[in-house]
Amino acid sequence: MTHRAELITLAIKEDLDGLLDFMKNRKLEDKDLFDTLASCSKRQLDDLWDGVQKMSLVTLLCMDANDKGESLEKCLTVLNAVLNLAVCTLDQDGHYIPSGMFEAVVLLHGILMSLPEDEDTLKNNMSKFFERWWSLNLKGREELAIQTLTYLLERSVKLDTVSASHLKRVWDMRDILTVIHLDDNSSDHLKELIQKCFRKSEYMKVPVGRRFLSFVFTLNTDFVENCHQTVKNILPFSPKSWWNKYGEIYFQAWQRTSGTLREKIEQHCIQDLMSHAIHAQRNGSKPMSSILLWVLGYIHKQKRLKGVDEMLLRLYGPILWRSLNVANPTVRANAVVLLCDVFPLTNPEANSVDDDALLQKQLDHLRTLLFDPSHTVRIVVIQGVCRIMSLYWELIPAMVIKAFITPLVQELAHDASSAEVRHAVFKSLTALMDNHLCHPMMKTILPRLGEHIFDISEMVRVAFMNLLLRVQNIRTIKLLAIVPIENLLSRLESDTPPVCRRIVKLLYSSYIVFSQPLDEQISRIIQMIEVNPCATRVFFLYAVKLMTLQETVNYMTTLCRFVLVVVMKANRNNHDVTFDEHGLPTLDDDGLPTLDEDQVDVRSDEDGDGEITMKDETILIKILDGLVIMWTSVSDELFKRQNCDLRRDLQKKMSIAVPQMLKAFQMPQAYTAIVMLAANVSAGQVPMLSSSFMSKLRKVDADASIDDYGVLLEAMCKWGKAAEVLEQISDWLKSEVTGSTASLPTASKKGKTMKKTVCFVDPINPKPKLAVNFLLYMLRNPICQQILLSTRKEELAEIRVILADVQKVIDGIVAGEDRPDAGVDPEFLEWAFSAYLSLLVLLNDANEDNSNSVTTLKELVMWADSALVPALTVKSEQSEGQRQKKKLYNTTLGMSMLAPDETLSETLLQPTKKLYSATSGMSLLMSQVEDGSNEKSESVTEMSMYAGAATRGQGQKRSTSDDRVGLAQIILTKLLKFCNSALLVGIGDMQLTNSLCNLCTGCLEADGNLEMLEKVIGCLCQVVEYRHANHYETHDDVDVSVPHCMGKVFNVMATYLKSHKSTYEQVFSDVRNVLSEMFTTVIQHRVTEGQIHKELMARTVATILAEHAHTSREDDLGEVKSGIAALPPLSSLILTILHSKVSSREAFVQEMSCFLKSAPFTDRHMVHGCVHLIHTLQKTKFCGAVLLECLDLLKPVLANLEMEEGDTDQPSDITRDEQLLKVGSCEQD
């Protein structure tokens, strides 16, 4: 029996299992099945599909999509078999469709969306079959399209990545949407899928996807509103690349429609977008006004197409003109932006008179708005007017252009009320220069604007420089006619990097021209030096970025050769010099250059009258500085492998030039520059120079500045001789800290003995302060630090061990012990302690556990708490005398705010157990460790704490009490600042934060003059950040909470305020910034650490209310104030900080409301203070709704107090408070 007969027989008998076995056993390929069906007659196909249809129906009736067993698997097998038969039948010539086949296919279409999601391959194949049926326009195709399109849409929405071919399939099935009743409830799922397509990025990126979205706008008038609302909901959160494409969708939909549907799209979509664009907000990172402008901008750009101009004029007419004159400046600004973007609005059907009148109307509006009182409006008008002139210069009458340009140049460019307006003028003029027709007019205008190179605003100067860069390429406009070269160089000397980069770019081609002869190149740079020597340094710094590395090296060689020529001429009676193949002077046997009478001299001016000699020190020094700056700028590039030859060649040339220069130049500035050049070559290339630096460092005076030894130390490190410097530092430190001296000379490396040589031994003259200065400079200089940490960690570790003994010396001095080292210079101890802290962090390996450093730091904190803090108590007692302690506030609520050892409102506010934290980079730490010897002025200021101290000498045995206290305070300040920085870079743990809180508490209680208050609050703020970052606030081992410490802060500030009414303002001013940072940090973390936030706010509220109650008791509260500044001092400070942000205002007022609900009021002064505070806050717009609630809470309290006091002959504050409550309620209403 043939395959055909067997297949037909199985179908007629409705033998499903036999049919499946037949197809499986024969393993019929699609081609075999196609050939089998091709041999069947129409009658045989009818018989085949009648049987297949019946079997399919029985199978589908028995199928359960939720059953995952063999029955479902068998049903899926049947579906695959039926689908294969259908595909092969459809592919036959003539496309004969048996009735049974159509019924079977309808059954398949009906279950398409019911199949399991994991059978997507089968569903996709079925969908492709239905799509082919649709494309062939066969009978009944509408019955096979709805589920197909639904499947395609659902698949495109669910898949993470959708191919363009899949979207093409969706587009091909679009016509089925025209026959679907979208108003019917049965279409809700389909409409929901279509709306989701607007959120799918693939639909926005692929053109066919956008065509489909524009097509759905043309389906139904009601569905247009749904799609438009969907787009409006998506726009605020969509990427910028989508905005213009949404405009394309709207425009294509408008083009495809006509009649009522087009009118619907115009009025409910496009005009709605116009209206929202005019009334949208302009603030934020993605303002809606900008988003909608991008959407409408696509439609504006289609004005060349028929009907678009008329449509825009008709839709903008009712809303645009009136919006240009409204009171709201935001609306006016948005209207101007739209008008300038759509300009010109025209009516193609109007006559020329009406068209000219319409154009004049638009120009008149723009000219009027140039003088708008709002700077925001003026800015957008300036930008729009210049854009219009740039596009339509030849079409706009000359009088109109003059009317626009005149206010721009004469008024708006000099707008003193807004730098942004001036910035907009120059930015817009730069864009206007793109139209060459404006150049003749701008040639006469731009010279009037030259003084703006000195504008106080950086962004204005940057915009002006951009304008000059644009003008630079225009031959008809002379650049120097706008700004003289002297002014440019003056700004280059002192301006900010953005401006300097542009000035150098502007001048680069004038002063560095490699196409010119060498003497001409030198002559040009000399001209710059003569005009402004300081500007030349900045020019060299930024000019390197405009050259290639090869050009930089060549230019450096040219400059070096010029300097060397001048030096050699001075030694050879001003004769000329010949040069070798390297571009350097040819040397004879004596090391001097050979001469050539034909060599051209380098002149300093164009006439060649002033030859450069050694007497021109400024010029030569600036050239040497330029060499150093350029080499430093390209140093990293030179050390790359591909540039090794360039580096060696440059080093070889410099090694020849440096010794000759050193012999000739005696000026300190020139010597410094030459030494820095020598540091960039190897020590072997300058042996005499490199071997003399260590001796020079030993001879440096103890009080020398960084300029005297900085370059020597950097050169030693670059030459690989840092070990010698560290060895000398170690010897000097030992002599001061431990009292021991090192034998000289010593071995530079462990395990090696010095060879027996004849050498000079310098007498031992220890310079410990200089040693610390050397060490601090090397640790803070980026180049030296990198070299030391990579090659000299062992030597640094030894120095750290020596410096650790400084702690013992400080301990003995502070304790007043009679020790041999009691006469150590306190300034040395201060700097040595800073160096020790720096080494403690730098020698901590970031890739290893930092437990050793943290442990040492914790020990230092505990030592400071036990040894240094008590010394501050002595100072506090001396400053206070024997004055008896008095309490500043004493309310019936039990709020004690006087004694430093008491916690504010302890009965009401319990300390919390949660902590905060934050981390940062290691580089931030070293920039904040301590200023040390780098900033002598700060050290001198700190040393003023040693008031009354006698000059220390070897014979001094004990330090005075003031010296001990001053030393303790300085060390504590440095330790707090260092711990702050350590936590910032992530060095610490929970125990360290606990110890820091205890130390801060101790400092607050002991420091009666609040000299350390700023550092204490700053450290507590960093503790909050660190604990938060490491989630320590929820840890069981947290001993001290930050709100508890802040309660101490408020207590000591209140105590100080009581006894220092004449000096408290300076102290409060010093702590304002750190206190503001504390509140900002806590409020920022209020979501995750709500308890800490609540406790701090509770203590803040209690502090302010207690101060008001005390002021009321002292009869100083007076009338209700008009502002926060008039409140009592501490309250004024805190509330001014909280008033700056909405979140902090809300947090304070909400906590005050909770306080008033829970606190028992039995004191009329407390009530009076509350009423006074709330009424004052109402006048400052301090969260009025919650304040009104607080007023309501106080009304029953006042009533109770009035009943308790009864009638009295004395004036009652309660009556006055009741009146204030009524006034406050009325004002709030």
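Residues numbered from 1 in each chain as written. Predicted model: local features only at pLDDT ≥ 70, side-chain atom pairs only at ≥ 80, totals over all residues. Heavy atoms only, no water.

## Digging into the packing of aromatic side chains
One pass over the structure, following the stated rule, counts 21 aromatic pairs. A ring pair is formed by Phe 833 and Trp 863, whose centres lie 6.4 Å apart and whose planes are at 45 degrees; its orientation type is tilted. With a gap of 30 residues between them, Phe 833 in helix α42 (residues 826-842) and Trp 863 in helix α43 (residues 851-880) connect regions that are remote in the sequence. Accessibility classification places Phe 833 together with Trp 863 in one group, the buried group. Of the aromatic side chains, those joined through ring pairs into one cluster are Phe 102, Phe 129, Phe 130 and Trp 133. The residue whose ring lies beneath Arg 141 is Trp 134, and the NZ or CZ to ring-centre distance is 3.8 Å. The ring centre of Trp 254 lies 4.0 Å from the NZ or CZ of Arg 262, which sits over that ring. (Phe/Tyr/Trp six-rings, centres within 6.5 Å; stacked < 30°, edge-to-face > 60°. Helix = DSSP H or I, 4+ residues; strand = E, 2+ residues; numbered from the N terminus. Buried < 20%, exposed > 50% of the residue type's maximum accessible area, 1.4 Å probe, protein only. Lys NZ or Arg CZ within 6 Å of the ring centre and 35° of its normal.)

## Digging into the state of the cysteines
Under the criterion given, the structure shown has zero disulfides. Not engaged in a disulfide, the cysteine Cys 438 finds its nearest cysteine sulfur in Cys 386; these two sulfurs lie 9.4 Å apart. (Disulfide = S-S within 2.5 Å.)

## Some thoughts on the pattern of salt bridges
On inspection of all chains with the given rule, the structure shows 35 salt bridges. Ionic pairing is found between Arg 174 and Asp 175, a salt bridge with its closest N-O pair at 3.9 Å. We classify Asp 175 as partly exposed; its relative accessible area is 34%. Measuring nitrogen to oxygen at the nearest pair gives 2.7 Å for the salt bridge that ties Arg 314 to Glu 266. Placement of Arg 314 in helix α17 (residues 308-323) and of Glu 266 in helix α15 (residues 259-279) is noted, with a sequence separation of 48 residues between them. By relative accessible area, Arg 314 is classed as partly exposed at 37%. Several salt bridges converge on common partners, so that one network encompasses Glu 117, Glu 154 and Lys 158. (Salt bridge = Lys/Arg side-chain N within 4 Å of Asp/Glu carboxyl O.)

## A look at helix α18 (residues 329-342)
For α18, built from 14 residues, the straight-helix expectation of 20 Å at 1.5 Å per residue is met to within 8% by its first-to-last C-alpha distance of 20 Å. By the criterion of burial, α18 is predominantly enclosed, with 10 of the 14 residues buried. Taken together, the buried positions of α18 are occupied by Val 331, Arg 332, Ala 333, Asn 334, Ala 335, Val 336, Leu 338, Leu 339, Cys 340 and Val 342. Against the buried residues of α18 lie α15, α16 (288-300), α17, α19 (352-369) and α20 (375-392). With a side-chain oxygen positioned 2.9 Å from the backbone nitrogen of Thr 330, the residue opening α18 is Asn 328. (Expected span 1.5 Å × (residues − 1). Contact = heavy atoms within 4.5 Å. Polar contact = N/O pair within 3.5 Å; in protein donor to acceptor, adjacent residues only side chain to side chain.)

## Some remarks on unusual backbone geometry
The omega torsion across Phe 343 and Pro 344 is -5 degrees, close enough to zero to call that bond cis. Mapped onto the elements, Pro 344 comes out in the loop between α18 and α19. Its identity is not glycine, yet Leu 1010 carries a phi of approximately 60 degrees, on the positive side. Along the chain, Leu 1010 falls in the loop between α47 (990-1006) and α48 (1013-1029). For Leu 1010, a relative accessible area of 8% puts it in the buried group.

## Remarks on helix α36 (residues 706-718)
Between its first and last C-alpha atoms α36 spans 18 Å; for 13 residues at 1.5 Å apiece the expected length is 18 Å, and the two agree. As for α36, its buried residues are in contact with α34 (668-679), α35 (687-698), α37 (722-737), α38 (768-780) and α39 (782-791). Phi turns positive, to about 80 degrees, at Gly 720, one or two residues after α36.

## Observations concerning the environment of Leu 369
Structurally, Leu 369 is set in helix α19. Taking relative accessible area as the criterion, Leu 369 reaches 6% and is therefore assigned buried. Spatially, the C-alpha atom of Leu 369 lies 8.4 Å from that of Leu 324, the residues being 45 residues apart in sequence. For Leu 369, the contacting residues outside a window of four places in its chain are Leu 324, Val 336, Val 377, Arg 378 and Val 381.

## Notes on the side chain of Ser 730
Note on placement: Ser 730 falls in helix α37. Apart from the residues lying within four places of it in its own chain, the contact partners of Ser 730 are Ile 799 and Ile 802.

## Some thoughts on the side chain of Ser 323
On the secondary structure map, Ser 323 appears in helix α17. A relative accessible area of 3% means that Ser 323 is categorised as buried. Once residues within four sequence positions are removed from consideration, Ser 323 is found in contact with Ile 278, Val 331, Arg 332 and Ala 335.

## Topic: a negative patch on the surface
Residues Asp 701, Asp 703, Asp 707 and Asp 708 make up a contiguous surface patch of negative charge. As for its placement among the helices and strands, Asp 708 is situated in helix α36. (Patch = residues over 30% accessible without salt bridge, like charges linked within 9 Å, V, L, I, M, F, W, Y side chains within 5 Å. Areas by Shrake-Rupley, 256 points an atom, 1.4 Å probe, with all protein chains shown as cover. Lys, Arg positive; Asp, Glu negative; His and termini not counted. Charge placed at Lys NZ, Arg CZ, Asp CG, Glu CD.)

## Quick word on the packing of helix α24 (residues 458-472) against helix α27 (residues 497-511)
Packed helix pairs are characterised by how far apart their axes lie and by the angle those axes make with each other. Where α24 meets α27, the axes come as close as 9 Å, and the angle between the chain directions of the two elements is 20 degrees. By the angle between their directions, the pair α24 and α27 is classed as roughly parallel. In the crossing of α24 with α27, the sense of the turn from one axis to the other is left-handed. Together, Glu 458, Arg 461, Val 462, Met 465, Asn 466, Leu 468, Leu 469 and Gln 472 of α24 and Pro 498, Val 499, Arg 502, Ile 503, Lys 505, Leu 506 and Ser 509 of α27 make up the contact between the two elements. (Axes fitted to C-alpha atoms, helices over the stretch in contact; angles between N-to-C directions. Parallel < 35°, antiparallel > 145°, perpendicular 65-115°, else oblique. Left-handed = near helix turned anticlockwise from the far one by under 90°.)

## Structural notes on the packing of α48 against helix α50 (residues 1064-1084)
Across the interface, α48 lies against α50 with an axial gap of 9 Å and an inter-helix angle of 10 degrees. In terms of orientation, α48 lies roughly parallel with respect to α50. For the pair formed by α48 and α50, the contact residues are Leu 1013, Glu 1014, Ile 1017, Gly 1018, Leu 1020, Cys 1021, Val 1024 and Glu 1025 on the first element and Val 1067, Asp 1070, Val 1071, Val 1074, Leu 1075, Glu 1077, Met 1078, Thr 1081, Val 1082 and Gln 1084 on the second. Taken together, the residues of the contact of α48 with α50 sort by class into 11 nonpolar, three polar and four charged. (Nonpolar A, V, L, I, M, F, W, Y, C, P; charged D, E, K, R; others polar.)

## Considering the environment of Trp 133
When you line up the elements, Trp 133 lands in helix α7 (residues 120-135). Remark: the alpha-carbon pair of Trp 133 and Leu 144, spanning 11 residues in sequence, is separated by 8.0 Å. What Trp 133 contacts, discounting residues up to four positions off in sequence, is Leu 90, Ile 97, Met 101, Phe 102, Val 105, Leu 138, Lys 139, Gly 140, Arg 141 and Leu 144. From its side chain, Trp 133 meets the backbone oxygen of Lys 139 in a polar contact 3.1 Å long.

## Quick look at the confidence of the model for the protein chain
Scored by pLDDT, the protein chain comes out at a mean of 79, with 78% of its residues at no less than 70. Confidence drops under a pLDDT of 50 for residues 595-600, and excluding neighbours within four residues, the segment shows 14 contacts in the predicted structure. Taken as a whole, residues 1214-1229 scores under 50 in pLDDT and shows 32 contacts with residues more than four places along the chain or in a different chain. (pLDDT = per-residue confidence, 0-100.)

## Observations concerning the environment of Asn 283
Here Asn 283 lies in the loop between α15 and α16. With a relative accessible area of 55%, Asn 283 lands in the exposed category. Residues Asn 283 and Thr 330, 47 residues apart in the sequence, show an inter-C-alpha distance of 9.8 Å.

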